[in-house]
Amino acid sequence: MLAKDAIRSALTRRPGREVFVYPGRDHAFTRPGGHHYHAGDADLANARTDAFFERHLASAA
């Protein structure tokens, strides 16, 4: 089993967890200027992160 598969399996068994997979993307695909950077999927991943923070942290401020 690949590490990413083991992580996904462990996380999806816990309530309140969301796991997203970006097919065809390698490690660090969201790092601008990085070897594996992909703007479209990086934008999507960052938007998902922003939405998560908004849902879970906005009321804590």
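This text goes with the structure placed above it.
Residues numbered from 1 in each chain as written. Predicted model: local features only at pLDDT ≥ 70, side-chain atom pairs only at ≥ 80, totals over all residues. Heavy atoms only, no water.

For the coordinates displayed, the defined rule picks out two aromatic pairs. Residues Y22 and F29 carry aromatic rings whose centres are separated by 4.9 Å and whose planes lie at 45 degrees to one another, so their mutual orientation is tilted. Judged by its relative accessible area of 14%, Y22 is buried. (Phe/Tyr/Trp six-rings, centres within 6.5 Å; stacked < 30°, edge-to-face > 60°. Buried < 20%, exposed > 50% of the residue type's maximum accessible area, 1.4 Å probe, protein only.)

Our focus in this paragraph is the pattern of salt bridges. Scanning the model with the defined rule gives three salt bridges in all. Put simply, R8 and D5 hold a salt bridge, and the shortest N to O gap is 2.9 Å. Taken together, the residues R8 and D5, both in helix α1 (residues 3-12) and three residues apart, mark about one turn of the helix. Residue classification places R8 among the partly exposed positions, given a relative accessible area of 30%. Residue D5 is classed as partly exposed on the basis of its relative accessible area, which comes to 28%. With its nearest N and O atoms 2.9 Å apart, the salt bridge here joins E18 to R55. Of this pair, E18 sits in the loop between α1 and α2 (39-57) while R55 is found in helix α2, placing the two residues 37 residues apart along the sequence. (Salt bridge = Lys/Arg side-chain N within 4 Å of Asp/Glu carboxyl O. Helix = DSSP H or I, 4+ residues; strand = E, 2+ residues; numbered from the N terminus.)

Before going further, it helps to spend a moment on unusual backbone geometry. With a phi close to 70 degrees, A28 is a non-glycine residue in the positive phi region. Structurally, the position occupied by A28 is in the loop between α1 and α2.

Spatial relationships are all this shows, so hold off on functional conclusions.
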